[in-house]
Amino acid sequence: MFHRVALVTGASRGIGREIALTLCRGNFDIIVASPEVENNETVAEMIRQCGGKAMTLDLDVSSEESVKKGVAEAIKQMGRIDVLVNNAGITRDGLAMRMKAADWSLVLQINLTGAFLVSQAVIPAMIKERWGRIVNIASVVGEMGNAGQANYVASKSGLIGLTKCLAKELASRNITVNAIAPGFIETDMTEVLPKEVKDQMMAAIPLKRFGKPADIANTVKFLASEEANYITGSVLRVNGGMYM
Ligand code: NAP
């Protein structure tokens, strides 16, 4: 049976890990790409146990060198990359007035420049196959803004802009590029937030529950499928109605 190959950045934990496992169950072979060797291997083993093919890539998306080397190695080993999920992301929250320039730059470098660098490295392989799917994991706050997250929000708004540019540039090559804007999803990233913040968030969610990594992973699976072939340049909101 023909298997497509998906590269998922930040696949060691949280939403990325769930995306990798969900795509694997949908018969994709997976490149598990994040900076931590051991965590990547744990996820790759889970994929193999569910019958899929997996390779690990110790990838730091913020480093052009790591990206170029890593993507070349992945194509060499797996033969192709059909689907890229730009999921790696971090937060360094604080009010803009007091935010350190280093925290601004780091978040932009990983969340936005990282997605650009990995896309740039993967696109030639997709063009060669005349088929491709890029899914960028943005955020609800990239559309609505959020006090205390100027760096993160700028990176996610930027990612939505990048999505639309790539969608226009690559449409003629049969490559679709979409963003998913998750709301509040239960992972390590949100676990650390104070109870008051979580309560405030919950009050703003019409569906009255926080999202699960699977809610995002299932949406990625759909966007990566043949069935989604007429969707490009879109931002899919997966947020329980928090922002409409
Ligand atoms: P998480 O649990 O904190 O996981 C972040 C992942 O990104 C980890 O695998 C981490 O690897 C990886 N990563 C960090 N820096 C990296 C780098 N330089 N290069 C490659 N990988 C790197 O976060 P999450 O909640 O699953 O979030 C995943 C994505 O969804 C992020 O883009 C986030 O902004 C977005 N999102 C999350 C929520 C939410 O509520 N959780 C809402 C909206 C959007 P290590 O394990 O090595 O640290």
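> How would you explain the site of the ligand if you had to name every residue and give the values?
The full set close to the ligand counts 30 residues, and S12, N87, Y152, I185 and T187 are the nearest of them. Here G10 contributes a backbone N or O atom positioned 3.1 Å from an oxygen atom of the ligand. Considered on its own, the ligand offers 900 Å² of accessible surface; in the complex 92% of this is hidden by protein. Here the ligand is seated within the largest pocket.

> Describe in detail empty space enclosed by the protein, supporting the description with residues and values.
Enumeration over the complete set of coordinates arrives at 1 cavity of 30 Å³ or more. Reported here for the largest cavity is a volume of approximately 60 Å³. Together, 13 residues line the largest cavity, and N86, N87, A88, N111 and A115 are the ones closest to its centre. Elements with a contribution of two residues or more to the lining of the largest cavity: α4 (101-129) and α6 (150-170). The residue makeup of the lining of the largest cavity, split by class, is 7 nonpolar, 5 polar and 1 charged.

> For the packing of aromatic side chains, give the residues involved together with the corresponding values.
Under the counting rule described, the total for this entry stands at 1 aromatic pair. A cation sits over an aromatic face here: R4 above W131, 3.5 Å from the ring centre.

> Lay out unusual backbone geometry in plain terms, naming residues and giving numbers.
In this structure, R130 takes a positive phi of about 55 degrees despite not being glycine. For R130, the location among the structural elements is in the loop between α4 and β5 (132-137). Even without being a glycine, K208 presents a positive backbone phi close to 55 degrees.

> Lay out the pairing of strand β3 (residues 54-58) with the relevant residues and their values.
Across 5 bridges, the pairing between strand β2 (residues 28-34) and β3 is parallel. Its bridge partner being in β3, I30 is matched across the sheet by A54. Tracing the backbone out of β2, into helix α2 (residues 37-49) and back to the parallel element β3 gives a crossover that is right-handed.

> So, the sheet that holds β3: which residues are in play, and what are the values?
Spatially, 7 strands are ordered β3-β2-β1-β4-β5-β6-β7 in an open sheet, and the strand pairing comes out parallel. Sheet topology places β3 and β7 (235-238) at the edges, where each strand pairs with a single neighbour. Neighbour-to-neighbour, the strand axes of this sheet turn through a mean angle of 20 degrees, independent of strand direction. Two elements, β5 and strand β6 (residues 175-182), share 6 bridges in a ladder whose sense is parallel. Looking at the pairing, I134 lines up with V177 of β6. Its contacts with the sheet place α4 against β1 (4-9), β4 (83-86), β5 and β6, and it is angled at close to 175 degrees to β4.

What counts as what
Residues numbered from 1 in each chain as written. Predicted model: local features only at pLDDT ≥ 70, side-chain atom pairs only at ≥ 80, totals over all residues. Heavy atoms only, no water. Near = heavy atom within 4 Å. Polar contact = N/O pair within 3.5 Å; in protein donor to acceptor, adjacent residues only side chain to side chain. Areas by Shrake-Rupley, 256 points an atom, 1.4 Å probe, with all protein chains shown as cover. 1 Å grid on protein atoms, 1.4 Å probe; cavity = no way out; pocket = protein on both sides within 12 Å on 5 of 7 lines; lining within 4 Å. Sits in = over half its atoms within 2 Å of the grid points. Points joined across faces, edges and corners; volume = space filled by probe spheres on them. Helix = DSSP H or I, 4+ residues; strand = E, 2+ residues; numbered from the N terminus. Nonpolar A, V, L, I, M, F, W, Y, C, P; charged D, E, K, R; others polar. Phe/Tyr/Trp six-rings, centres within 6.5 Å; stacked < 30°, edge-to-face > 60°. Lys NZ or Arg CZ within 6 Å of the ring centre and 35° of its normal. Pairing = 2+ DSSP bridges. Right-handed = clockwise from strand over helix to strand, strands pointing away. Axes fitted to C-alpha atoms, helices over the stretch in contact; angles between N-to-C directions. Contact = heavy atoms within 4.5 Å.

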